[in-house]
Amino acid sequence: STLMRSTAAAALLINSGLCAPVSSRGSAVRRFDSLFVRGASADVPTEDKSAFGAEMGDVSALLRSCGRRSLVFVDEIGRGTSPKDGTSLAGAILERVAEWEM
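**Digging into the overall build of the protein**
- When its secondary structure is counted, the protein shows three helices and two strands.
- Moving toward the C terminus, one meets the helices and strands of the protein in the order α-β-α-β-α.
- The principal-axis extent of the C-alpha atoms belonging to the protein is close to 45 × 25 × 25 Å.
- Counting only residues that meet the buried cut, the protein has 25% of its 102 residues in that class.

Spelled out as C-alpha cells, the structure:
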C-alpha cells in the first residue's frame, strides 16, 4: 500500500509538471489522462453487499471507465478469498488491462 501511494503521488506530481522525488536514472513516467486507485473494501449493509460484492462492483466500474492512457492501481483484491482465488482475480484483471495495448 505504501509503495502504491508513493508511486501514485510521484506520477501525479510529474504529470502536473512538478518535481517528484524519483531517480532520473532509469525512471520514466508516461503522461496519463486519468488515475484510478482501488483500495480495500468493507461490507455495505445499507446496499446489502458483502465486502466481496462491493469489491467486484468497484473493479467492474474501474474496468469500464479506464482507457489506454489511464494509470490504474488495485490493492487488496480478493480479500476474504483463498490465495488461489485472489490470485486468479488479480490475474484476470491484469489480463483485461493488458488488452488495452499500452
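There is more to say, and it comes next.
**A look at the pattern of salt bridges**
- One pass over the structure, following the stated rule, counts four salt bridges.
- A salt bridge links R96 to E99, with the shortest nitrogen-to-oxygen separation between them at 3.5 Å.
- Residue class for R96 comes out partly exposed when judged on its relative accessible area of 34%.
- Taking relative accessible area as the criterion, E99 reaches 53% and is therefore assigned exposed.

**A short note on the nonpolar core**
- Counting eight residues, the largest nonpolar core is built from V59, L62, L63, C66, I77, I93, V97 and W100.
- At the level of elements, α2 (51-65) and α3 (83-98) are the ones that each hand at least two residues to this core.
- Among the elements that make up this core, the one with the highest residue count is α2 (three residues).
- If near-sequence neighbours (up to four positions away) are discounted, C66 is found in contact with F36, V72 and W100.

**Some words on helix α1 (residues 2-15)**
- Helix length check: α1 (14 residues) gives 20 Å between terminal C-alpha atoms against 20 Å at 1.5 Å per residue, within 8%.
- For α1, every residue scored as buried is listed here: M4, A8, A10, A11 and N15. An end-on view of α1 places all buried positions within 165 degrees of arc, on one side of the element. Among the exposed residues of α1, those pointing more than 90 degrees away from its buried face are T2 and R5.
- In this fold, the buried residues of α1 make contact with β1 (34-38) and β2 (70-74).
- Two residues or fewer after α1 comes G17, characterised by a positive phi angle close to 85 degrees.

Criteria and thresholds
- Residues numbered from 1 in each chain as written.
- Predicted model: local features only at pLDDT ≥ 70, side-chain atom pairs only at ≥ 80, totals over all residues.
- Heavy atoms only, no water.
- Helix = DSSP H or I, 4+ residues; strand = E, 2+ residues; numbered from the N terminus.
- Buried < 20%, exposed > 50% of the residue type's maximum accessible area, 1.4 Å probe, protein only.
- Salt bridge = Lys/Arg side-chain N within 4 Å of Asp/Glu carboxyl O.
- Core = buried A, V, L, I, M, F, W, Y, C linked by side-chain atoms within 4.5 Å.
- Contact = heavy atoms within 4.5 Å.
- Expected span 1.5 Å × (residues − 1).
- Arc of directions from axis to C-beta.

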